[in-house]
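# Observations on the three-dimensional arrangement
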Amino acid sequence: IKTIGVLTSGGDAPGMNAAIRAVVRTAIHNGINVKGIMRGYAGLLQEEIVDMESTSVSEIIHRGGTILYTARCQEFTTAEGQKKGAEICNKYGIDGVVVIGGDGSFQGAGKLSALGINTIGIPGTIDLDIACTDYTIGFDTAVNTAMDAIDKVRDTSTSHERCSIIEVMGRNAGYIALWCGFANGAEDVLLPERYDGNEQALIDRIIENRKRGKKHHIIINAEGIGHSVSMAKRIEAATGIETRATILGYMQRGGAPTCKDRVYASIMGAKAVELLLAGKSNRLVAYKNGEFVDFDIQEALAMKKDISEDQFRICKLLVR
Ligand code: ATP
């Protein structure tokens, strides 16, 4: 390996900069050149490729977002696009690529690897929805941001004796919702993996809790379960209790990464480069059972994970 390219792809996540920094500095430490590929696979196909020095990644460890920008790129999902990408890597002398992103980005990494470019993936997504790993870059920051915001909504919700629906990110995976359910003591947590659409049961619980003297009722919705604003209107109509929906939205994707995100992202970035130096390709860096490990990309993509039934049960019992 003489030159490593690094890119971020898919949704951004706080901590990606720490991973980029670790890739660049580990490579340079080992006498390897590094090139930053801007805007994910889109930037690769557009040849938006810049040389990176140690100082290119100064002053970024504490910043959210990604200094390399990120994008989605339809062209790279085609065989021609992938071939073009591999040719551009060869043109620039890039013989190793580190891809920081989610499952879609890893599909692309697998394709590049099959075309002879050594490629390693690092899990970067606030959703925690990558099956092979217990940790993904950005989840810790996102869940802390959401927790702080929900605390604030809770104060005003109690003062006004309202019911509050708070929608957090997680289209297909309810990890942010479940963790906030615990951390914020929400009365209800609706997860895309578990919610059966039984709104009447929800309404009955709100009425029952109000009778028991609860001053507020916090419902945390993962975005994947549906339309929080219209749900609030229906609940208000059915219960007579003022009900408001707050959609936290993109604030969950930004902000300074937490200590955990900085540390784990840094270790993963260094590990990715070390795998390339060891002659590995088509691997994903993961954190599993307390250790940093790596998996074959296709095997990792075939793995499944689900919200822990036991954790969900405990979350619910603590607010009853
Ligand atoms: P997030 O979890 O934030 O959605 P992601 O990496 O899963 O991240 P995607 O939009 O699914 O996000 O994928 C990012 C990019 O990866 C796509 O825009 C595309 O360029 C590339 N990609 C996705 N699927 C494939 C595929 N099957 N083959 C090649 N490239 C792919």
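Let me begin by describing the structure that accompanies this report.

Reading the values: rules and limits
- Residues numbered from 1 in each chain as written.
- Predicted model: local features only at pLDDT ≥ 70, side-chain atom pairs only at ≥ 80, totals over all residues.
- Heavy atoms only, no water.
- Near = heavy atom within 4 Å.
- Polar contact = N/O pair within 3.5 Å; in protein donor to acceptor, adjacent residues only side chain to side chain.
- Areas by Shrake-Rupley, 256 points an atom, 1.4 Å probe, with all protein chains shown as cover.
- Pairing = 2+ DSSP bridges.
- Helix = DSSP H or I, 4+ residues; strand = E, 2+ residues; numbered from the N terminus.
- Axes fitted to C-alpha atoms, helices over the stretch in contact; angles between N-to-C directions.
- Contact = heavy atoms within 4.5 Å.
- Core = buried A, V, L, I, M, F, W, Y, C linked by side-chain atoms within 4.5 Å.
- Buried < 20%, exposed > 50% of the residue type's maximum accessible area, 1.4 Å probe, protein only.
- Salt bridge = Lys/Arg side-chain N within 4 Å of Asp/Glu carboxyl O.
- Expected span 1.5 Å × (residues − 1).
- Arc of directions from axis to C-beta.

Let us now look at the site of the ligand. Taken together, the neighbourhood of the ligand is formed by 17 residues, with Gly-11, Arg-72, Cys-73, Gly-104 and Ser-105 sitting nearest. Take Cys-73: an N or O atom from its main chain is 2.6 Å from an oxygen atom of the ligand. Separating an oxygen atom of the ligand from a backbone N or O atom of Gly-102 is a distance of 2.9 Å. Contact with the protein chains hides 78% of the accessible area of the ligand, taken as 620 Å² for the molecule alone.

What follows is about the sheet that holds strand β1 (residues 3-8). Taken together, the 7 strands give an open sheet; going across it, the order is β3-β2-β1-β4-β5-β10-β11, and neighbouring strands pair in mixed fashion. Looking at strand neighbours, the two that pair on one side only are β3 (49-52) and β11 (291-296), the edges of this open sheet. Neighbouring strand axes in the sheet, compared pairwise and without regard to direction, differ in orientation by 25° on average. Across 5 bridges, β1 lies against strand β4 (residues 96-101) in parallel orientation. Across the sheet, Val-6 pairs through a bridge with Val-98, a residue of β4.

Another point: the sheet that holds strand β9 (residues 243-247). Sheet architecture is open: 4 strands sit in the order β7-β8-β6-β9, paired in parallel fashion. Each having just a single partner strand, β7 (188-190) and β9 make up the two edges of the open sheet. If you compare each strand with its neighbour and ignore which way they point, the axes differ by 15° on average. Of the pairings in the sheet, the one linking β7 to strand β8 (residues 217-222) comprises 3 bridges and is parallel in character. Across the sheet, Leu-190 pairs through a bridge with Asn-221, a residue of β8. On the sheet, helix α5 (residues 139-159) packs against β6 (163-168), β8 and β9 and is oriented at approximately 165° with respect to β6. Sheet contacts for helix α6 (residues 175-184): β6, β7 and β8; angle to β8, the most-contacted strand, approximately 160°.

Our focus in this paragraph is the nonpolar core. Ranked by size, the top nonpolar core spans 60 residues in total, and within it Val-98, Ile-100, Ile-122 and Ile-176 carry the most contacts. In this structure, Ile-49, Cys-73, Ala-86 and Ile-130 belong to the second largest nonpolar core, which totals 25 residues.

What follows deals with the pattern of salt bridges. Under the definition given, this model contains 19 salt bridges. Measuring nitrogen to oxygen at the nearest pair gives 2.8 Å for the salt bridge that ties Asp-12 to Arg-253. Here Arg-253 lies in the loop between β9 and α9 (259-277) and Asp-12 lies in the loop between β1 and α1 (16-29), a separation of 241 residues in the sequence. One salt bridge connects Glu-47 with Lys-91, and the closest N-O pair in it is separated by 2.8 Å. A residue pair is termed long-range when its members are at least 10 positions apart, and Glu-47 in the loop between α2 (40-45) and β3 and Lys-91 in helix α3 (residues 79-91) qualify at 44 residues. Classification of Glu-47 by relative accessible area gives partly exposed; the value is 29%. Overlapping salt bridges bring together Arg-162, Glu-236, Glu-242 and Arg-244 as one network.

A regular strand places its side chains on the two faces of the sheet in alternate fashion. Bridge count between strand β10 (residues 283-288) and β11: 6 bridges; the pairing is antiparallel. Paired with Arg-283 across the two strands is Asp-296, which belongs to β11. Taken together, β10 and the strand that follows it, β11, pair antiparallel across an intervening segment of 2 residues, in which Asn-289 is found at a positive phi of about 50°.

Moving on to helix α8 (residues 228-239). Spanning 12 residues, α8 covers 16 Å between terminal C-alpha atoms, matching the ideal 16 Å at 1.5 Å per step. Where α8 is concerned, the buried positions are Ser-228, Met-231, Ala-232, Ile-235 and Thr-239. All buried residues of α8 lie within an arc of 105° about the axis, which places them on one face of the element. Every exposed residue of α8 that faces more than 90 degrees away from the buried side is listed here: Lys-233 and Ala-237. Taken together, the buried residues of α8 touch β6, β7, α7 (199-211), β8 and β9. Backbone geometry just downstream of α8 places Gly-240 in the positive-phi region, at approximately 75°.

Don't take any of this as a statement about function, it's just geometry.
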